[in-house]
Amino acid sequence: MKGLKAKWNGASQLMRRTIVITVVMAVLAVCCLGKLVYIQLIEGPQLAMAAQQSRTLKVTLQAKRGKIMDTNGVVLAQSVERYTIIGNPDAAQTFEPTACTAATKPYCQQLDGKPLTTTGVAAVSQLLAPLLGMSASEIGGKLSGTGQYAVLKKDVTPEVKRKISQLYLGGIVYSELSNERLYSNGTLMGALLGGVNAEGEGVAGIEQLQNKTLTGTDGYQVYQQGNGGEEIPGTMTDSKEAVDGSNVTLTIDRDVQWRVEKILADAQEKYKARWGIGVVEDVRTGEIIALADTDKIEAGSGDAKVQVARSVNQVFEPGSIGKVFTMGGLLQEKLHHMGDRFTVPDSITLEGQTYKDSFNHGAERWTLAGVLEQSSNVGTIQASDNFPDDKRYEYLSKFGIGQPSSLHLPGESQGVLTPANAWDGRTRNTVLFGQGYSTNALQLTNAIAVVANKGVMKPQSIIKSVTASNGREEKVNPGESERVVDESVANELLNAMESVAEHYQKFAGVSGYRVASKSGTAEIVGDDGKLSSLISDYTAIIPADNPRYVVTVVLRDPEGNYGGLTAGPVTAEICQFLMQKYEVPASTPRKDAIPVEW
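Residues numbered from 1 in each chain as written. Predicted model: local features only at pLDDT ≥ 70, side-chain atom pairs only at ≥ 80, totals over all residues. Heavy atoms only, no water.

1. Brief notes about the overall build of the protein chain
Working step 1: Along its length, the protein chain carries 20 helices and 27 strands.
Working step 2: Relative to the 2.2 N^0.38 estimate, which gives 25 Å for 598 residues, the radius of gyration of the protein chain is 39 Å and therefore markedly larger than a compact globule would have.
Working step 3: Viewed in the frame of its principal axes, the protein chain has a C-alpha envelope of about 165 × 50 × 50 Å.
Working step 4: Burial analysis of the protein chain (598 residues in total) assigns 47% to the buried set.
Working step 5: Between the centroid of the 58 positive side chains of the protein chain and the centroid of its 66 negative side chains there is a distance of 11 Å. (Helix = DSSP H or I, 4+ residues; strand = E, 2+ residues; numbered from the N terminus. Rg over C-alpha atoms; globule rule 2.2 N^0.38 Å. Buried < 20%, exposed > 50% of the residue type's maximum accessible area, 1.4 Å probe, protein only. Lys, Arg positive; Asp, Glu negative; His and termini not counted. Charge placed at Lys NZ, Arg CZ, Asp CG, Glu CD.)

See the structure below:
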């Protein structure tokens, strides 16, 4: 009886335990079911949204920077499609190559047709090395760190990017679109074109001048990505097209620029000059056809990004070319005509200051045109006896000396022209023949263009037009023209300058064409702090009977010294090329020369 009772109690305890366990499991099941229902019906949309957000990517569509072209549409600078190759170190370290079988052949990995014998970073590096032109160890070093982002190589071509995509390393290696700025002409216009920084912004030269115009507006795409980083088809939810920057067309003619740079380089060697500058301006439009110097700087290089073109910022005393501006003022103020007669010694002393001509001579009977032809400092001072200091300053300013040009090129120097009330007893006279102030080659060229353009100064321009990405072209208006002297004054100056050119015909003549010119030579402070250095310059209007171009050449410390004997022949060579290139009709004979002697 006792045994039966014990068995009954044991069975009862087992049953109770079974019931308890069943109840507990039922409760757990109900809880799980409730949680599942809660997740599916309540939290489900939120979790799905979170998952979608984790897969959603906003990708920037980078706009291309606009092109810089010469006046004929020849590309000087352009941005091309390039890619930055990115690696995921965390994913690379766990990479297992897919062996090539009949089933996996479309997406397997092998090297030179053979199975990979490594895994992880080593395997990824071996696959990428021949395509990126890098060593496997270099790539391995970049992928051996922590994190999910490591730049493997920049400026990769689309062709290489496509080959990398065929390695099927999704999630381990991917690419980001970028642009590379290319300059196809080496040192041609190097510092003048300038360059861009790592962010693609213009930091020097024309790249900086036109940065806003050349810079486009980036777009974007929003889509979901798969595990390999690829876009999931049909998941794009938003996008905005990139708008490329506008193209900029210059007034520069590449062929003329190249020829002027070559002629300058040859002249630098021939005359052992420290440097040379050349400018070609179209008289009719004010457009700069060439703006060159002898500095050899690669466009887009580090030097091009920090140096200003010498042709833009180099200032100098123009020497006797400045006599043209003085005589322009004398004629405009009706103090003289070019036929007025002077008896000119080779030196003169005023207020304790002695001024000399560049050569010894007796008392010469020269007209004012003859004073310019012979480039007499003394005769210029004599003719300016009643020319007040304020007028001397006024006409230098009117001709553009010491004034900013309309080009607005970064780093351009406008030279120095101090006010008349700051001149000392000597400077008030030296400014009459181009010493005591400084100018640059652009200013000097445009000042002489006033004479060629019948007394009117046209604003210079180097930007011809801008073409937006939609193809719409807009011409650039450089500004308004201003009259400096009367047409009759300009004609007298042109006539006298033609006599100057005839004076240098043997050295600086241009076969078949009449030229109006002026030479200059100025002593300047050298490296020793003394007046031991020279500027030799020459500027020419061609053809003199129907002006088309003004050409200016400036040389520093050439052997031969005088501008007419050094810079003159260089200018003539440039002029000869221009006449041939643009097929300018030959000149008619000269018949109206103002006498230079009496």
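From this point, things continue past the structure.
2. A short note on the state of the cysteines
Working step 1: In total, this model carries 1 disulfide according to the counting rule given.
Working step 2: Residue pairing for Cys-100: its cysteine sulfur links by disulfide to Cys-108, the two sulfurs lying 1.9 Å apart. In this structure, the disulfide formed by Cys-100 and Cys-108 twists by about 85° around the S-S bond and is classed as right-handed.
Working step 3: Here Cys-108 falls in the buried class, since its relative accessible area comes to 13%. (Disulfide = S-S within 2.5 Å.)

3. Quick notes on the packing of helix H12 (residues 323-332) against helix H18 (residues 487-503)
The angle between the axes and the distance between the axes are what describe a pair of packed helices.
Working step 1: Put simply, H12 and H18 touch, their axes get as near as 10 Å, and they point 140° apart. In terms of their interaxial angle, H12 and H18 are classed as oblique. For the pair H12 and H18, the crossing hand works out as right-handed. Counting all contacts with H12, which are made through Val-324, Met-327, Gly-328, Leu-331 and Gln-332, the residues of H18 involved are Val-489, Glu-492, Leu-493 and Met-497.
Working step 2: Residues belonging to the contact of H12 with H18 are distributed by class as follows: 6 nonpolar, 2 polar and 1 charged. (Axes fitted to C-alpha atoms, helices over the stretch in contact; angles between N-to-C directions. Parallel < 35°, antiparallel > 145°, perpendicular 65-115°, else oblique. Left-handed = near helix turned anticlockwise from the far one by under 90°. Contact = heavy atoms within 4.5 Å. Nonpolar A, V, L, I, M, F, W, Y, C, P; charged D, E, K, R; others polar.)

4. Examining the sheet that holds strand S13 (residues 275-282)
Working step 1: With respect to topology, 5 strands assemble into an open sheet ordered S14-S13-S27-S26-S25, the strand pairing being antiparallel. Every other strand in the sheet has two partners, leaving strand S14 (288-293) and strand S25 (516-524) as the edge strands with one partner each. Neighbouring strand axes in the sheet, compared pairwise and without regard to direction, differ in orientation by 10° on average.
Working step 2: Sheet topology note: the S13/S14 ladder contains 5 bridges and is antiparallel. (Pairing = 2+ DSSP bridges.)

5. Digging into the packing of aromatic side chains
Working step 1: In the structure shown here, the tally under the stated rule is 5 aromatic pairs.
Working step 2: Aromatic pair Phe-325 and Phe-399: ring centres 5.1 Å apart, planes at 35°, arrangement tilted. Of this pair, Phe-325 sits in helix H12 while Phe-399 sits in the loop between helix H15 (389-398) and helix H16 (427-430), and the two are 74 residues apart along the sequence. Here Phe-325 matches Phe-399 in class, with each residue buried.
Working step 3: The ring centre of Tyr-83 lies 5.1 Å from the NZ or CZ of Lys-161, which sits over that ring.
Working step 4: The ring centre of Tyr-582 lies 5.4 Å from the NZ or CZ of Lys-581, which sits over that ring. (Phe/Tyr/Trp six-rings, centres within 6.5 Å; stacked < 30°, edge-to-face > 60°. Lys NZ or Arg CZ within 6 Å of the ring centre and 35° of its normal.)

6. Some points on the pattern of salt bridges
Working step 1: Throughout the structure, instances matching the rule amount to 22 salt bridges.
Working step 2: With its nearest N and O atoms 3.9 Å apart, the salt bridge here joins Asp-557 to Arg-274. Here Asp-557, found in the loop between strand S27 (549-556) and helix H20 (567-581), pairs with Arg-274, found in the loop between helix H9 (254-271) and S13; they are 283 residues apart in sequence, far enough to count as distant.
Working step 3: On the accessibility criterion, Arg-274 (41% relative accessible area) is partly exposed.
Working step 4: Taking the shortest distance from any N to any O, the salt bridge between Lys-475 and Glu-473 comes out at 3.8 Å.
Working step 5: For Glu-473, a relative accessible area of 48% translates into the label partly exposed.
Working step 6: One network of salt bridges, with partners in common, ties together Asp-253, Arg-254, Asp-255 and Lys-581. (Salt bridge = Lys/Arg side-chain N within 4 Å of Asp/Glu carboxyl O.)

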